[in-house]
Amino acid sequence: MGRVSEREQWDVLVLGAGPAGCAAAIEAARGGARVLVVDRASFPRPKVCGDAVSNRGGVLVDGLLGGADALARVPHARVARSVAGFPNGAKIVRDFKDAPGWIVPRMHLDALLRDGLEREGVVVRERTLVRQVGAEAEGFIASTDDACIRSRLLVGADGPGSLVWPLLGWSRAKGRSLGVAITAYVDGVTWGGDLGDSEHYFEHGLDCGYGWVFPDVDGSANVGVYQRADRFQDGDQKLPQMLTTFMDTHPERFKKASIRGRARTWQLPITDDDNRGGGDGVFVAGDAAHAIDPLSGEGIWQALHTGRSAGVQAAAVIAGRRSLSHAHADHARLLERDIVRPARRRLQIQEAIGWLVRRRLYEHRAVRTILRWGFTRPWLEVSKALHG
C-alpha cells in the first residue's frame, strides 16, 4: 500500500466530510481523540441531494456548532408545513408551527459543518482520494495517492459504496435496500400556496416514491424525484425522463421554470432489516450505514444522528472509558431503536400509499380522512416534531 509514514498516526480516521462524517469527527474530537477527516471533494461543494433539514436535524446542527439557529447564518428557507399531493389535486397538510424545518443548500450546510471541524481542532484534508482501506494488528491503514494513514479506529461516512463495506463483508445495496433520485435547482417556480410549504407529490408511475418541490432559496427551488430501486427497475423511464415527466405534469408550478446548471442523480442506500452499525473497530454512519428513511428518502437527520453516535463511541474507546465491544453494542442499539425499527413501519406505509395510488383510493373522502389523520401523527416520526 505504499510507503508508511510513522507520523501519520491518528486515533480516529473519518472517511467523508458530509453531515455524518462531520458529526462523528466533532464528537470524537470533543471526547479527546486526535481526528483526521478526509474527503475527495473540496469545500464548499455543490451537492444537490435534497437540502431538507428537519427541525430535529436543526437542533443537532446547533449542538454540533455550539449555538442556537446555526442554520440561519447561511442561505436558507424555513419549512412551516409539509404538503402531500395526490394525482386528483387533493392535498394533506401537516403544520410544524413553532418548530419549523429548514431548506439549506448542501454546499452551505457542508461548509458550515466543515467550519465546525476546524473549531474543534479536527484536521481536514480535502481533495484526498483514499484508494484502499485495510485492517492491521493495531488498527487500520488507508492508502491515498501520496501517503499511508494509520488509525486506531475508523468511521465510514463516505456514502454509497463506502470503502469500509468490504472490511465488513457488505455488498452494494440493491432492490428494496436502495433508492434512486434525481434533483435539480429550478428557477422560476410558481408558488400556489404558502412559501413555507415543502411539497411531496405521490404520482401514478412513481410507485414507492414521490416528486418534491422545496421552498425557494435565493431564487431557486430544489426539485426532484425519488423512487425505490426495485420499482424503478420495473419502470420504463430513466431518471432524467422521470424528472421531466414530473415537471410536465405540474404546469401550475413549472410552466415558467428552467433548471439551473444540471440535474444530478444519486443512489440512496435505504434502511432495511439489517443493522449496519459496523464492527471490529469500524463505526459506520449516514448513507454508508443505510441510514436513509425508505418512505421519505430523508437522510440528513439520520446522518447527523448516527454520526454523533459513532464519534461519541469512538472517543470513549480511545479514552478508555468503554471497551470496543460495548461501544459497538451501544452504536448498534441506537441504530436499531432510531433508524431500523421506524424504517420497518415506514416501509409498510410506503407500500400502502403505493397501493392506494394505484387503485385511486385517494379519491374517496373517507380514505383521505384516514390519510390526514396518519399524516399528522407523531408516533411514526423520529426526525421531526409534528403539530396538528
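Residues numbered from 1 in each chain as written. Predicted model: local features only at pLDDT ≥ 70, side-chain atom pairs only at ≥ 80, totals over all residues. Heavy atoms only, no water.

**Section: the overall build of the protein**
- Helix and strand content of the protein: 10 helices and 18 strands.
- Taken over the C-alpha atoms alone, the protein extends approximately 65 × 40 × 40 Å along its principal axes.
- Among the 388 residues that make up the protein, the fraction classed as buried is 58%.
- Accessible area of the protein: about 16,600 Å², with a carbon and sulfur share of 50%. (Helix = DSSP H or I, 4+ residues; strand = E, 2+ residues; numbered from the N terminus. Buried < 20%, exposed > 50% of the residue type's maximum accessible area, 1.4 Å probe, protein only. Areas by Shrake-Rupley, 256 points an atom, 1.4 Å probe, with all protein chains shown as cover.)

**Let's talk about the pattern of salt bridges**
- Applying the stated criterion across every chain yields a total of 29 salt bridges.
- As a salt-bridge pair, Arg 30 and Glu 120 come within 3.1 Å of each other at their nearest N and O atoms. One end of the pair, Arg 30, is in helix H1 (residues 19–30); the other, Glu 120, is in the loop between helix H3 (106–119) and strand E8 (123–125), with 90 residues separating them in the sequence.
- Overall, the relative accessible area of 30% leaves Glu 120 in the partly exposed class.
- Between Arg 231 and Glu 351 there is a salt bridge, with its nearest N and O atoms 3.0 Å apart. Here the residue Arg 231 occupies a position in helix H5 (residues 229–234), and Glu 351 occupies one in helix H9 (residues 324–358), the gap between them amounting to 120 residues.
- Given a relative accessible area of 22%, Glu 351 falls into the partly exposed group. (Salt bridge = Lys/Arg side-chain N within 4 Å of Asp/Glu carboxyl O.)

**Structural notes on the confidence of the model for the protein**
- The pLDDT averaged across the protein works out to 91; a share of 96% of its residues lies at or above 70.
- Averaged over each element, pLDDT in the protein is lowest for helix H10 (residues 365–375) (88) and highest for strand E18 (residues 282–284) (98).
- Between residues 1–6, whose pLDDT stays under 50, and residues either more than four places distant or in other chains, the model counts 14 contacts. (pLDDT = per-residue confidence, 0-100. Contact = heavy atoms within 4.5 Å.)

**Notes on the sheet that holds strand E7 (residues 101–103)**
- Read across the sheet, three strands follow the order E3-E7-E4 without closing on themselves; strand pairing throughout is antiparallel. With partners counted over all chains shown, the strands left at the sheet margins are strand E3 (52–53) and strand E4 (77–79), one partner each.
- The sheet contact formed by E3 and E7 spans two bridges and is antiparallel. Considered in E7, the bridge of Val 53 is made with Trp 102. (Pairing = 2+ DSSP bridges.)

**Some details on the nonpolar core**
- Core analysis: the biggest nonpolar cluster contains 67 residues, and Val 12, Val 35 and Val 37 have the highest contact counts within it.
- If sequence neighbours within four positions are ignored, Val 35 has contacts with Trp 10, Val 12, Val 14, Ala 25, Ala 28, Ala 29, Val 122 and Val 123.
- Residues Trp 212, Ile 292, Leu 295 and Val 357 belong to the second largest nonpolar core, which totals 25 residues. (Core = buried A, V, L, I, M, F, W, Y, C linked by side-chain atoms within 4.5 Å.)

**Considerations on the packing of aromatic side chains**
- Inspection of every chain in the model, using the stated rule, returns nine aromatic pairs.
- Here Trp 165 and Trp 170 contribute two aromatic rings whose centre-to-centre distance is 6.5 Å and whose plane-to-plane angle is 55 degrees, an arrangement assigned as tilted. The two residues Trp 165 and Trp 170 agree in class, both being buried.
- Cluster of aromatic residues (ring-pair linked, three or more members): Phe 86, Phe 202, Tyr 210, Trp 212, Phe 214, Tyr 226 and Tyr 362.
- Of note, Arg 94 hangs over the ring of Phe 375, and the distance from its end group to the ring centre comes to 4.3 Å.
- One residue, Arg 276, lies across the ring of Trp 170, its end atom 5.7 Å from the ring centre. (Phe/Tyr/Trp six-rings, centres within 6.5 Å; stacked < 30°, edge-to-face > 60°. Lys NZ or Arg CZ within 6 Å of the ring centre and 35° of its normal.)

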